[in-house]
2 protein chains.
Amino acid sequence: MTNKPSIKQQMPLGRHLAILTKMYYGALSKQLEHLEIEKHYSVLVLIENSEHPCTQQFISDTLKIDKASMVSVIDYLSGKKLIKRTNNPADRRAYWIELTPKAHLIMPELHEKINELNKVALKGLNKTQAIEFNKALCLISENLDNLPSDRVIINFKKVKKNIK
Amino acid sequence: MTNKPSIKQQMPLGRHLAILTKMYYGALSKQLEHLEIEKHYSVLVLIENSEHPCTQQFISDTLKIDKASMVSVIDYLSGKKLIKRTNNPADRRAYWIELTPKAHLIMPELHEKINELNKVALKGLNKTQAIEFNKALCLISENLDNLPSDRVIINFKKVKKNIK
DNA sequence: CTCGAATAGTTTAAAGTACAAACTATTAAT
DNA sequence: ATTAATAGTTTGTACTTTAAACTATTCGAG
């Protein structure tokens, strides 16, 4: 057999983030199975927390989901009757995205499930450490925000195998 | 106009991780533009750091890339002459994946670029905080590792738009 | 006022990505 | 010796992201 991991300390930051993201969403989708809202819970949470009506553009900017994809997400959540588009009388190009009564009904359960998962995920960190961790996430987020960046393109297929 | 973000403090953990991952890889792919190894740098780093020869299975397990995708990754990096498969005489089902001399040549540059980016990303955290942050990532990773999880399925398309 | 630029949102097409399932070859286990 | 398990591969399907072109509307400089 090969050696067993525990190389986590040396795991490159980018890959570490990718793995955590994947594991977190995997666990969450299990938790939220019956709600079938998968990773789009963050859209609902954003709308709920926002003091002002949200446009798709705003959600797009905040959650860093590009606006073409945003259309699909909004369509999906609309189809599940969790949000609705209402016209913004002041700007007929834009919609206001609002939670439906049905969404308001399930939000408490949603929060509960998320809190449960976070409790498991952050087990071993005390309150202070958890806050510090969150602050670090915010800080890194800001640091990276203004950096020039490209779309990540892999394109395995262009180079075919040649060594076996 | 809509309100401007800065809701980061309230950003749900999962989405926060997803955003960071995306931003980090975006920035990194810019840094590593000319190397064209995109996000697969972590495979090279893993092989370099590993004391024992790596099999695809081991890389797969460690980096949480499923083994079908692993084949593409290995093919790609092979095609770029950065790694090669060598036969494991003790088990003819398995390969040992090794860095080529070409890869050893570029590794210093790769580390340099990654360190540069990490320095930018972690700006504002002192050494202790950076270490604490990394520990937290490892801890969360372990906490989530043994959790039941599902594949994240979104499937926008099944529910078509009905409210506009 | 008005014409050109910018913006909100949509659609399409192309490419990237993940994963289950079936497959080969080989090794382990009873 | 047969059966189960493992390393790796292939294929097909479905999910996801993005660029680019598009409509409708609003903004803004002259």
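Residues numbered from 1 in each chain as written. Chains lettered and ligands numbered in written order. Predicted model: local features only at pLDDT ≥ 70, side-chain atom pairs only at ≥ 80, totals over all residues. Heavy atoms only, no water.

Student: Hey, could you run me through helix H4 (residues 67-79) of chain B in this one?
Tutor: Residue pairs spaced three or four apart in an α-helix point in one direction, given the helix's 3.6 residues per turn. Residue and element names in this part refer to chain B. When the terminal C-alpha atoms of H4 are compared, their 18 Å separation across 13 residues agrees well with the 18 Å that a helix rising 1.5 Å per residue should span. Residues of H4 that are buried include every one of Met 70, Ser 72, Val 73, Ile 74, Asp 75, Tyr 76, Leu 77, Ser 78 and Gly 79, and no others. In this structure, the buried side of H4 is in contact with helix H2 (41-49), helix H3 (56-63), strand S1 (83-87) and strand S2 (95-99). Lys 81, located one to two residues past H4, shows a positive phi value of around 60°. (Helix = DSSP H or I, 4+ residues; strand = E, 2+ residues; numbered from the N terminus. Expected span 1.5 Å × (residues − 1). Buried < 20%, exposed > 50% of the residue type's maximum accessible area, 1.4 Å probe, protein only. Contact = heavy atoms within 4.5 Å.)

Student: I'm lost on the pattern of salt bridges in this one. Help?
Tutor: Residue and element names in this part refer to chain A. For the structure shown, the criterion picks out eight salt bridges over all chains. Its salt-bridge partner being Arg 85, residue Asp 75 comes within 2.9 Å of it at the nearest N-O pair. With Asp 75 in helix H4 (residues 67-79) and Arg 85 in strand S1 (residues 83-87), this pair connects stretches of sequence that are ten residues apart. Judged by relative accessible area, Asp 75 falls into the buried class, the value being 7%. Overall, the relative accessible area of 5% leaves Arg 85 in the buried class. (Salt bridge = Lys/Arg side-chain N within 4 Å of Asp/Glu carboxyl O.)

Student: Where do I start with the packing of H3(B) against H4(B) in this structure?
Tutor: Residue and element names in this part refer to chain B. Contact geometry of H3 with H4 gives a least axis separation of 10 Å together with a crossing angle of 110°. Judged on the interaxial angle alone, H4 and H3 are roughly perpendicular. When you trace H3 past H4, the crossing you get is right-handed. Contact with H3, carried on its side by Gln 56, Gln 57, Ile 59 and Ser 60, involves Lys 67, Met 70, Val 71 and Ile 74 of H4 and no other residues of that element. Residues belonging to the contact of H3 with H4 are distributed by class as follows: four nonpolar, three polar and one charged. (Axes fitted to C-alpha atoms, helices over the stretch in contact; angles between N-to-C directions. Parallel < 35°, antiparallel > 145°, perpendicular 65-115°, else oblique. Left-handed = near helix turned anticlockwise from the far one by under 90°. Nonpolar A, V, L, I, M, F, W, Y, C, P; charged D, E, K, R; others polar.)

Student: How should the packing of aromatic side chains be read in this particular structure?
Tutor: By convention here, two paired aromatic rings are described through the distance between centres and the angle between planes. Residue and element names in this part refer to chain A. Enumeration over the complete set of coordinates arrives at three aromatic pairs over all chains. Taking 6.4 Å as the distance between ring centres and 85° as the angle between the ring planes, the aromatic pair formed by Tyr 24 and Tyr 25 counts as edge-to-face. Residue class for Tyr 24 comes out buried when judged on its relative accessible area of 0%. Tyr 25 sits in the buried class, given a relative accessible area of 5%. For Arg 85, the ring lying beneath its charged end belongs to Tyr 95, and the centroid distance is 5.7 Å. (Phe/Tyr/Trp six-rings, centres within 6.5 Å; stacked < 30°, edge-to-face > 60°. Lys NZ or Arg CZ within 6 Å of the ring centre and 35° of its normal.)

Student: Mind showing me how you'd approach the packing of helix H2 (residues 41-49) of chain A against helix H3 (residues 56-63) of chain A here?
Tutor: How two helices sit against one another is set out by the angle between their axes and by the gap between those axes. Residue and element names in this part refer to chain A. Between H2 and H3, the least distance of the axes is 11 Å, while the angle of their chain directions is 115°. In this view, H2 runs roughly perpendicular relative to H3, as classed from their interaxial angle. Both H2 and H3 take part in a crossing whose hand is right-handed. Residues Ser 42, Val 43, Leu 46 and Ile 47 of H2 pack against Phe 58, Ile 59, Thr 62 and Leu 63 of H3.

Student: Explain the nonpolar core here, please?
Tutor: Counting residues in each nonpolar core, the largest one holds 94 residues, and the members touching the most others are A:Tyr41, A:Ile59, B:Tyr41 and B:Ile59. With sequence-adjacent residues up to four places away left out, B:Tyr41 is seen in contact with A:Pro12, A:Gly14, A:Arg15, B:Tyr24, B:Tyr25, B:Leu28, B:Leu32, B:Leu110 and B:Ile114. (Core = buried A, V, L, I, M, F, W, Y, C linked by side-chain atoms within 4.5 Å.)

Student: Sorry if this is basic, but what is going on with helix H1 (residues 13-31) of chain A here?
Tutor: Under the 1.5 Å per step criterion, the end-to-end length of H1(A) is 27 Å for 19 residues, consistent within 8% with the ideal 27 Å. Buried residues dominate H1(A), accounting for 16 of its 19 residues.

Student: Just to check I follow, could you spell out the environment of B:Cys54 for this structure?
Tutor: All names here are of chain B. Residue placement: Cys 54 occurs in the loop between H2 and H3. Judged by its relative accessible area of 1%, Cys 54 is buried. Distance in space between the C-alpha atoms of Cys 54 and Ile 97 is 5.5 Å, their sequence separation being 43 residues. When neighbours within four sequence positions are excluded, Cys 54 is seen to be in contact with Ile 47, Ile 59, Tyr 95, Trp 96 and Ile 97.

Student: I keep staring at the side chain of A:Arg15 and nothing clicks. Help me out?
Tutor: Summarising the element assignment, A:Arg15 is placed in helix H1. The buried charged residue A:Arg15 lacks any salt bridge, with B:Asp66 as its nearest oppositely charged partner at 9.0 Å. When sequence neighbours within four positions are dropped, the list of residues in contact with A:Arg15 reads B:Tyr25, B:Tyr41, B:Ser42, B:Leu63, B:Lys64 and B:Ile65. (Lys, Arg positive; Asp, Glu negative; His and termini not counted.)

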